[in-house]
Amino acid sequence: MEKIIAVCAVCYNRKDSLARLLSSLDKAYYPVPVTLIISIDKSNTTAVEEYADGFTWRHGEKRVVKHEENLGLRKHILSIGDYLEEFDAVVVLEDDIFVAPSFYYYVQECVEKWCDDMDIAGISLYNFPLDYNCKLPFMPLRTDSDVFLLKSAVSWGQVWMREQWFSFKSWYESHADEFGELPNLPTNVCTWPKSSWLKYHIRYCIEENKSFVYPYTSLSTCFCDLGTHAAKKQTHTQTVMLQGEKKQFNLNPTVCYDGFFEAESLYKHLGMTEEDLCIDLFGTKGNRMGRRYWLTREQQPFKVVRSYALEFKPWELNVLHDFDGHEIFLYDTTMSAKKPHYRDNDMNASFYLYSTYLDIPNILRRKIVRALVKVKKRLVK
């Protein structure tokens, strides 16, 4: 039986943002009639409600839900899950999201494939251009599949499915208290404010070993408009988005990343398990779990079992191809030793940044790169 999938636009007081989202939804392709739910949290303006009432939805039923009291972002977003009592899946879109024309084809195929798979917590429309924990570019390993797996939830265009959502909801009811820094979670996530619902979904994925399905080419993008979690307008959340009409997707993910955006294929390649090895190429884990072996770009006072170059992109390919060098180190933390030295400090620092500065003289470029490295270290701390 074909799954019934609703689309929910979640908004508060940003009429222009909602208009942009609804415009992108209106221009998308729908092979079947689709219910559009516009859920509006109570604010000090009626402009959003008036716009939603006047919007013509040409692709099926339209429902405008006007909350009579202010729920706040966290409660409002989580309340959308209640629609899964009625629908098999819900596409959840905050008002500063913009969808690709083929997003619904992608959603349909993903829901059909994973609606009964309890190892999957949800489906993302969005592909992160950055690891949000350290603001470094994220380049997932490519295969012939259109999707990969990541043990982290998303808020910039996502699909919740009935059984998976109710499993999370049950977990959430016993984990809804505020939490501080936890060694198994990214420090950045633990510092998000009380209004964040996403940090609980991310924690659920990490602690319960659940993955979200992510596209290599994004089916949504985010404008990061001024709002509850954005104090100023930014563009770093914009990502490359699929254009045109694509009706079929190859949904055969063989690449999986953990909640820190680290490639899990490295465990198998190195003949280790997660209990043996801390994969820390982004430098945000810090081996806080006390694993014996530690794979990182950081210079640490332990015996180097093996070192790798920093030339292939994404950087895990240097390990997967056993490409020797002196920029990535595999340490045995049970054995103390002198800190290793990079072969080329500028190579390590400019791996992702070099192309931005091609037209800058070498001396100045090196100064800029070194300054950026200092900023990154402060952010990671």
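Preceding block: the structure.
Residues numbered from 1 in each chain as written. Predicted model: local features only at pLDDT ≥ 70, side-chain atom pairs only at ≥ 80, totals over all residues. Heavy atoms only, no water.

### Describing the sheet that holds strand E1 (residues 5–11)
Sheets are built from strands that pair by backbone hydrogen bonding, the pairs being arranged parallel or antiparallel. In spatial order, the strands read E3-E2-E1-E4-E10-E6-E11-E9-E13; together these 9 strands make up an open sheet with mixed pairing. Two strands in the sheet have a free side with no partner beyond their single neighbour: strand E3 (62–66) and strand E13 (256–257). Alignment of strand E2 (residues 36–40) against E3, held across 5 bridges, turns out to be parallel. Directly across from Ile38, in E3, lies its bridge partner Val64. Contacts from helix H1 (residues 15–26) reach E1, E2 and strand E4 (89–94), with the element oriented near 160° to E1. Contacts from helix H7 (residues 198–207) reach strand E6 (120–124), strand E10 (158–161) and strand E11 (211–215) within the one sheet, and its direction differs from that of E6 by about 130°. (Pairing = 2+ DSSP bridges. Helix = DSSP H or I, 4+ residues; strand = E, 2+ residues; numbered from the N terminus. Contact = heavy atoms within 4.5 Å. Axes fitted to C-alpha atoms, helices over the stretch in contact; angles between N-to-C directions.)

### Here's the deal with the nonpolar core
Counting 115 residues, the largest nonpolar core has Leu25, Phe103, Tyr106, Leu125 and Leu295 as its most contacted members. Counting residues per element, this core draws most heavily on helix H4 (residues 103–114), at 8 residues. Every residue in contact with Phe103, bar those within four places of it in the chain, is listed here: Val7, Leu25, Ala28, Tyr30, Val91, Leu125 and Leu219. Counting 6 residues, the second largest nonpolar core, distinct from the first, contains Trp294, Phe302, Tyr331 and Tyr342. (Core = buried A, V, L, I, M, F, W, Y, C linked by side-chain atoms within 4.5 Å. Buried < 20%, exposed > 50% of the residue type's maximum accessible area, 1.4 Å probe, protein only.)

### Points about the sheet that holds strand E15 (residues 293–296)
Read from one edge to the other, the open sheet built from 4 strands follows the order E14-E15-E17-E16, with strand pairing classed as mixed. With partners counted over all chains shown, the strands left at the sheet margins are strand E14 (277–280) and strand E16 (302–308), one partner each. When the angles between neighbouring strand axes are averaged without regard to direction, this sheet yields 20°.

### Some points on the environment of Lys285
Along the chain, the position of Lys285 falls in the loop between E14 and E15. For Lys285, a relative accessible area of 11% gives the class buried. Sequence spacing of Lys285 and Asn184 is 101 residues, and the spatial spacing of their C-alpha atoms is 8.3 Å. With near-sequence residues (within four places) excluded, Lys285 lies in contact with Asp258, Phe260, Glu262, Tyr267, Cys278, Ile279 and Asp280.

### Brief notes about the pairing of E6
Of all 5 residues in E6, 5 are buried, a share of seventy percent or more. Bridge analysis of E6 against E11 gives 3 bridges, and the strand direction is parallel. By the bridge assignment, Ile123 is partnered in E11 with Val213. Two strands pair when backbone bridges link them, and E6 and E10 are joined in this way by 2 bridges, in the antiparallel orientation. Residue Ile123 lies in a different strand from E10, and its bridge partner there is Val159.

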